[in-house]
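If you want the building blocks of each chain, they are given just below.
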Amino acid sequence: MSHTVLEIDLSALEHNYDYLRSKLRPEVKMLAVVKAYAYGSESVAIAKKLEEKGVDYFAVAYTAEGITLREAGVKTPILVLHPQIENFAEIIEYNLEPSIYSFRVLKAFTEIAEAKGIKEYPIHIKFNTGLNRLGFKDVNEKDILDQLNATKALKVISLFSHLVASEDMNERRFTQYQIETFEKNAKHMIEGLGYAPMMHQSNTSAIINYPEAQFDMVRSGIGLFGYGNTQEEDLKLKPVATLKTVISQIHDVAVNETVGYNRAHTAAKLERSATLPIGHADGIARTYGKGRGYVMIHGKKAPIIGNVCMDMIMVNVTEIDCQEGDEVIVFGKDASAVALSARINSIPYELITAISQRVKRKIIE
Ligand SMILES: *Cc1c(COP(=O)(O)O)cnc(C)c1O
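Only a predicted model underlies this, so the values are computations on that prediction, with no experimental measurement involved.

A.B. asks: Help me out: how do you make sense of the UniProt feature "active site" (unreviewed entry) in the protein in this one?
C.D. replies: Mapped onto this numbering, the UniProt entry annotates "active site" (unreviewed entry) at K35 and Y261. A maximum C-alpha distance of 35.1 Å among these annotated residues, which run over 227 residues, shows that they spread across the structure rather than meeting at one spot. The class for K35 is partly exposed, based on a relative accessible area of 27%. With residues up to four places along the chain from it excluded, the contact list for K35 reads A59, V60, A61 and E65. Tracing the backbone shows Y261 in the loop between β12 (258-259) and β13 (265-266). Judged by its relative accessible area of 55%, Y261 falls in the exposed class. In contact with Y261, other than residues within four places in its own chain, are N307 and C309.

A.B. asks: Whenever I open this one, the nonpolar core confuses me. Can you help?
C.D. replies: Nonpolar side chains in soluble globular proteins tend to end up buried together. Membership of the largest hydrophobic core comes to 112 residues, with the highest contact counts inside it found for I46, L50, I125, L148, I297, V315 and F331. Examining the composition of this core, we find that six residues originate from one element, helix α1 (residues 10-21), more than from any other. In this structure, this core is formed jointly by two domains, domain 1 (10-225) and domain 2 (241-364), each of which donates at least three residues. Apart from the residues within four sequence positions on either side, I46 is in contact with I8, L10, L13, V34, A38, S41, F225 and V240. Among the nonpolar cores identified, the runner-up in size contains six residues, and V259, I305, C309 and M314 belong to it.

A.B. asks: I keep staring at the site of the ligand and nothing clicks. Help me out?
C.D. replies: Around the ligand sit 13 residues, and of these K35, Y39, T204, I222 and Y349 come closest. Residue Y39 places a side-chain N or O atom 2.6 Å away from an oxygen atom belonging to the ligand. Y349 is positioned with one of its side-chain polar atoms (N or O) 2.6 Å from an oxygen atom of the ligand. Relative to its unbound accessible surface of 390 Å², the ligand loses 93% to contact with the protein. At the level of secondary structure, the elements contributing two or more residues to the shell around the ligand comprise α2 (35-40) and β9 (217-220). Grouping the constituent residues of the shell around the ligand by class yields five nonpolar, five polar and three charged.

A.B. asks: Explanation requested: the UniProt feature "domain: Alanine racemase C-terminal" (unreviewed entry) in the protein in the structure shown.
C.D. replies: Residues annotated in UniProt with the feature "domain: Alanine racemase C-terminal" (unreviewed entry) correspond here to residues 240-364. Between the end C-alpha atoms of residues 240-364 there is a gap of 10 Å, over a span that is 10% helix and 36% strand.

A.B. asks: Help me understand unusual backbone geometry, please; the structure alone is not making it clear to me.
C.D. replies: Both trends apply: most residues other than glycine have a negative phi, and most peptide bonds are in trans. Residue N256 is not a glycine yet carries a positive backbone phi of 75°. With respect to the element layout, N256 can be found in the loop between β11 (249-253) and β12. Positive phi outside glycine occurs at H298, with the angle close to 50°. Here H298 lies in the loop between β15 (294-297) and β16 (300-305). Here H298 falls in the partly exposed class, since its relative accessible area comes to 48%.

A.B. asks: Explain the domain arrangement of the protein to me, please; I cannot follow it from the model alone.
C.D. replies: Note on interface size: it is often stated as the accessible area lost on association of the parts. Each domain of the protein was delimited in the assignment, giving domain 1 (10-225) and domain 2 (241-364). Contact with domain 1, which involves ten residues of that partner, is made by seven residues of domain 2. Between domain 1 and domain 2 the total buried area reaches about 910 Å² when both faces are included, carbon and sulfur atoms providing 66% of it. By the criterion of area lost to domain 2, the three top residues of domain 1 are Y39, G40 and I222, representing 44% of everything that side buries.

A.B. asks: Looking at this model, I keep getting lost on the packing of aromatic side chains. Mind explaining?
C.D. replies: Note on aromatic pairs: each is described by the distance of the centres and the angle between the planes. On inspection of all chains with the given rule, the structure shows seven aromatic pairs. Where F88 meets F109, the ring centres are 4.9 Å apart and the plane angle is 90°; that geometry is what we call edge-to-face. Taken together, the positions of F88 in helix α5 (residues 88-93) and F109 in helix α6 (residues 103-115) put the pair 21 residues apart, joining distant regions of the chain. By the burial criterion, F88 is buried, and F109 matches it. Ring centres of F103 and F136 lie 5.0 Å apart, and the angle between their planes is 70°; this geometry places the pair in the edge-to-face category. Note that F103 is positioned in helix α6 and F136 in the loop between β6 (121-127) and α7 (141-149), a separation of 33 residues in sequence. The exposure class of F103 is partly exposed, given its relative accessible area of 25%. One aromatic cluster in this structure is built from Y39, F225 and Y349. The aromatic ring of Y195 is capped on one face by K155, whose charged end is 5.4 Å from the ring centroid.

A.B. asks: Help me understand the side chain of S341, please; the structure alone is not making it clear to me.
C.D. replies: Looking at where S341 falls in the secondary structure, it is placed in helix α11 (residues 337-342). You can call S341 buried: its relative accessible area is 0%. A polar contact of 2.7 Å, which involves the side chain of S341, links it to the backbone oxygen of A337. Not counting residues within four places of it along the chain, the set of residues in contact with S341 comprises Y288, S346, I347, P348 and L351.

Each value, and the rule that gives it
Residues numbered from 1 in each chain as written. Predicted model: local features only at pLDDT ≥ 70, side-chain atom pairs only at ≥ 80, totals over all residues. Heavy atoms only, no water. UniProt positions renumbered as here; feature names shortened; annotations may be inferred. Buried < 20%, exposed > 50% of the residue type's maximum accessible area, 1.4 Å probe, protein only. Contact = heavy atoms within 4.5 Å. Helix = DSSP H or I, 4+ residues; strand = E, 2+ residues; numbered from the N terminus. Core = buried A, V, L, I, M, F, W, Y, C linked by side-chain atoms within 4.5 Å. Domains from an automatic or database assignment. Near = heavy atom within 4 Å. Polar contact = N/O pair within 3.5 Å; in protein donor to acceptor, adjacent residues only side chain to side chain. Areas by Shrake-Rupley, 256 points an atom, 1.4 Å probe, with all protein chains shown as cover. Nonpolar A, V, L, I, M, F, W, Y, C, P; charged D, E, K, R; others polar. Buried area = accessible area lost by both parts, 1.4 Å probe. Phe/Tyr/Trp six-rings, centres within 6.5 Å; stacked < 30°, edge-to-face > 60°. Lys NZ or Arg CZ within 6 Å of the ring centre and 35° of its normal.

Okay, structure coming up:
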C-alpha cells in the first residue's frame, strides 16, 4: 500500500445483482443506474460486468456519461435521465435514449429526429407523481399524446416515474398514492398510443419495500453498490467500493501542542497522530473534521483531529498499535459508509459519490 485507492470489487457487484434479481418476478427487467461514475466507483468496469450478467438496461444522469459507456463498447440500451436540448444530436449519434420530461424537450427532440429523417427513435416519457423534480403531470396526458401521435419519428419505449420516499415506511400512504397515480397515467397513455411501452417506477428501496410496484422493469442504483437503506438489507448486500489509504507519518503530540490548520485540535495529554494522504480534494468533506469523522486502522476507530486539509487528514492513533506504512480503511468492507456518513448527517449516496477522480480506482475481479 503506498497511496489512496478505491477498490472496486466486482464479485460484490455480482452478489448484489443476484440478490436484487431474486426479489423480482422472473419476467421483470433490471435497469442498472450507473450515473455519477457508477455511484463514485468506475462506470465502465461496472457496466461491463453487469452487461455480462445480462442486465437489461442502463441509466445515466447526463449525456456525457452515456457517451463514455458507448465509447467503451457497452451495447445495452442506455436511458439518459436528465438530458438537455443541446445534447440531443449526440444522444442520437451515440444511440442513447432520452428521458422526455417536458413539452419543451419533447418538441425539441421531435424536431431534431424529424430533421434527421429518423423513424421510431426510442424515448422514455417521465411522469411527475409527487417528487416535483422532472416530469409531466396527469393534466398533460392529452397534449403529450397529440404530439406523439402526430409524428412517426418517435417510439415510446417506456413510461416511468420516480418515488419520493420508498425507503421510509412512514410515507407508505404517499408512496401508494404515487404508484396509483403512475398506473393511471400509464393506462391513459397506453390507450392513447395504441401500444404498450414498458412501465417502471421502483428504485432500490422500492424493490425491497413495494414488490407490487415492479411493473415491467425496476431501476436499481445504490443496492447494486451494496447499500439497502436499512440495516437488515445492508447485511444482505456487499459494498462494492472500499476506500483505502495509508499512514504517511506518525507524530507524538505533546500536551498543549496543536494539530493542523487554525490550531483546531489541542492535545490534552501526550497523543499520537497519524497523517494520511487523503483530504477534501479526494472527497472527505471538511465537516468530518474536528472529531466528527473517523477512519479504521487495524479494526479500530481513529477519529479525525483538527481540520480536514485539501490533501491530508490527521487522525488520533494514541490508543491504536500502528506504524507508518500501515493500511487505513475509510469506508467499504469492514468500515460502514452508513455509520461514517451519519456522523455528518449525511447518507452513503453522498459519501460514496463524492470520492474524486484523483483517487485511483483499482478493479478486483
Ligand atoms: C438515481 C435514480 C435511481 C436509483 O435510485 P437508488 O435509490 O440508488 O436505487 C432510480 N431512478 C431515478 C430516476 C434516479 O434518478
